[in-house]
Amino acid sequence: MIVYLNGEFLPLEEARVSVLDRGFIFADGVYEVIPVYGGHLFRLQAHLQRLENSLKNIKLQNPLTNEQWGEILETLVDRNNGGEQSIYLQVTRGSAKRNHNFPEQVVPTVFMMSDSIEAQPPSTGVKAITCADTRWQRCDIKSIALLANVLLRRQAIEVGAAETILIRDGYMMEGAASNVFIVVEGVAITPPKSQFILPGITRDLILEAMREAKLPCREANIPQAQLRSAQEIWVTSSTREIVPIISLDDKPVGNGQPGALWSQVWQIYQDYKQKLRANG
Ligand code: PDD
């Protein structure tokens, strides 16, 4: 695998960063995950805009222009043989003597790598659990400080579930690494953007595509009780696409099968990917 590190393309084994990198010492950095279909980056401008917002919120100047990001990302995709892959990129506040206060002048560390992406078969559904959201109050920043998310996801894995759905002050927020939609009386609902959820690119695309297809959807706060009585629950992310949850805390969701609206939206998503593969 070829990776990008601070201006250079090189094999993964040769990529090195300082142990004083603030990413390593403080998790002082932000990231993006961008899927690639047929060699084309999925919703690149939206990912770059979210990256810009994350950087602004942690007071780190964007080290590259969007044109430069685009060129480097496309080169990285090509160097890893195009096709279907997922690109991970991260920007940290560079290397400096350990101090909570960061220096004014920093040279950020810019790292990107490619990962394989599995062709997603129509899912037969997965289990999820709920947990109290133990994360901080700025979940809109795509921070590399993910220990809470890591531990929350682990709780699901330990009981044979695939995702943990997070509850804050009696309301459903999102998954440990995904956004969440529920279906109530035939309408898909997802929480509005706030500082408590990551503004998911997949989430936005689903809302956009549903509106275009005149399928009923809206953004609204979701009380825990509404989550528990939902006809359908889906989790969405760049790497998992749209996955139906068929059991929540060991109780069936709806009739315990992937729902009808999910399968319509899943198909729309597949068509969107197919268009991207064909036309870029
Ligand atoms: N995570 N919410 C959280 C907390 C996430 O970590 C993610 C994605 C999402 C979905 O965002 P998007 O649709 O833009 O992927 C929501 C990525 C995939 C990850 O950390 O690997």
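What comes next concerns the included structure. (Residues numbered from 1 in each chain as written. Predicted model: local features only at pLDDT ≥ 70, side-chain atom pairs only at ≥ 80, totals over all residues. Heavy atoms only, no water.)

Focus on the side chain of Ser-114
Thinking step 1. Examined against the element boundaries, Ser-114 turns out to sit in strand E6 (residues 109-116).
Thinking step 2. At 2.6 Å, the side chain of Ser-114 forms a polar contact with the side chain of Gln-85.
Thinking step 3. Filtering out sequence-adjacent residues up to four positions away, Ser-114 remains in contact with Met-1, Asn-80, Gln-85, Ser-86 and Ile-87. (Helix = DSSP H or I, 4+ residues; strand = E, 2+ residues; numbered from the N terminus. Polar contact = N/O pair within 3.5 Å; in protein donor to acceptor, adjacent residues only side chain to side chain. Contact = heavy atoms within 4.5 Å.)

Let's talk about the site of the ligand
Thinking step 1. Taken together, 20 residues lie near the ligand, and Tyr-31, Arg-50, Glu-174, Thr-202 and Ser-238 sit nearest.
Thinking step 2. A distance of 2.8 Å separates an oxygen atom of the ligand from a polar side-chain atom of Arg-50.
Thinking step 3. Contacts to the ligand include Thr-202, whose side-chain N or O atom sits 2.5 Å from an oxygen atom.
Thinking step 4. A majority-of-atoms criterion places the ligand in the largest pocket.
Thinking step 5. Counting residues per element, the ones that place at least two in the shell around the ligand are strand E3 (29-37), strand E9 (171-175), helix H5 (201-212) and strand E14 (232-237).
Thinking step 6. Of the residues in the shell around the ligand, the class split is 6 nonpolar, 10 polar and 4 charged.
Thinking step 7. Residues from two domains meet in the shell around the ligand; each of domain 1 (2-116) and domain 2 (126-279) gives at least three. (Near = heavy atom within 4 Å. 1 Å grid on protein atoms, 1.4 Å probe; cavity = no way out; pocket = protein on both sides within 12 Å on 5 of 7 lines; lining within 4 Å. Sits in = over half its atoms within 2 Å of the grid points. Nonpolar A, V, L, I, M, F, W, Y, C, P; charged D, E, K, R; others polar. Domains from an automatic or database assignment.)

As for a negative patch on the surface
Thinking step 1. Together, Glu-67, Glu-71, Glu-74 and Asp-78 make up a region of like negative charge exposed at the surface.
Thinking step 2. What makes Glu-74 partly exposed here is its relative accessible area of 46%. (Patch = residues over 30% accessible without salt bridge, like charges linked within 9 Å, V, L, I, M, F, W, Y side chains within 5 Å. Areas by Shrake-Rupley, 256 points an atom, 1.4 Å probe, with all protein chains shown as cover. Salt bridge = Lys/Arg side-chain N within 4 Å of Asp/Glu carboxyl O. Lys, Arg positive; Asp, Glu negative; His and termini not counted. Charge placed at Lys NZ, Arg CZ, Asp CG, Glu CD. Buried < 20%, exposed > 50% of the residue type's maximum accessible area, 1.4 Å probe, protein only.)

Quick word on empty space enclosed by the protein
Thinking step 1. Using the criterion set out here, one finds 1 cavity of 30 Å³ or more in the structure.
Thinking step 2. Here the largest cavity is characterised by a volume of approximately 40 Å³.
Thinking step 3. If you trace the largest cavity, you find it lined by Leu-205, Ile-206, Ala-209, Val-265, Ile-268, Tyr-269 and Tyr-272.
Thinking step 4. Elements with a contribution of two residues or more to the lining of the largest cavity: H5 and helix H7 (260-279).
Thinking step 5. Per-element tally for the lining of the largest cavity: the top contributor is H7, with 4 residues.
Thinking step 6. In terms of residue class, the lining of the largest cavity is made up of 7 nonpolar, no polar and no charged. (Points joined across faces, edges and corners; volume = space filled by probe spheres on them.)

Looking at the pairing of strand E10 (residues 179-184)
Thinking step 1. Where burial is concerned, most of E10 is hidden: 5 out of the 6 residues are buried.
Thinking step 2. When E10 meets E14, the two strands line up antiparallel, connected through 5 bridges. Bridging from a neighbouring strand, Val-183 pairs with Glu-232 of E14.
Thinking step 3. Taken together, the 3 bridges between E10 and strand E11 (residues 187-190) define a ladder with antiparallel strand orientation. Within the sheet, the bridge partner assigned to Val-184 lies in E11 and is Val-187.
Thinking step 4. In textbook terms, the turn of a hairpin is the stretch between consecutive antiparallel strands, and for E10 and E11 this stretch comprises 2 residues, one of which, Glu-185, has a positive phi near 45°. (Pairing = 2+ DSSP bridges.)

Here we look at the pattern of salt bridges
Thinking step 1. Counting across every chain of the model gives 17 salt bridges.
Thinking step 2. Residues Arg-43 and Glu-208 are paired through a salt bridge, measuring 2.8 Å at the closest nitrogen-oxygen approach. Here Arg-43 is found in the loop between strand E4 (40-41) and helix H2 (44-57), whereas its partner Glu-208 is found in helix H5, with 165 residues between them in sequence.
Thinking step 3. The class of Glu-208 is partly exposed, set by a relative accessible area of 38%.
Thinking step 4. The salt bridge involving Arg-135 is made with Asp-133; its shortest N-O contact spans 2.9 Å.

Some words on the layout of surface pockets
Which parts of space are left empty comes out when a probe the size of a water molecule is rolled across the atoms.
Thinking step 1. As a volume, the largest pocket reaches approximately 1100 Å³.
Thinking step 2. Lining the largest pocket we find 44 residues, and of these Tyr-31, Lys-142, Ser-143, Leu-146 and Asn-149 sit closest to its centre.
Thinking step 3. The greatest single-element share of the lining of the largest pocket, amounting to 4 residues, is contributed by helix H4 (residues 147-158).
Thinking step 4. When grouped by side-chain class, the residues that make up the lining of the largest pocket number 20 nonpolar, 14 polar and 10 charged.
Thinking step 5. When residues of the lining of the largest pocket are sorted by domain, at least three fall in each of domain 1 (2-116) and domain 2 (126-279).

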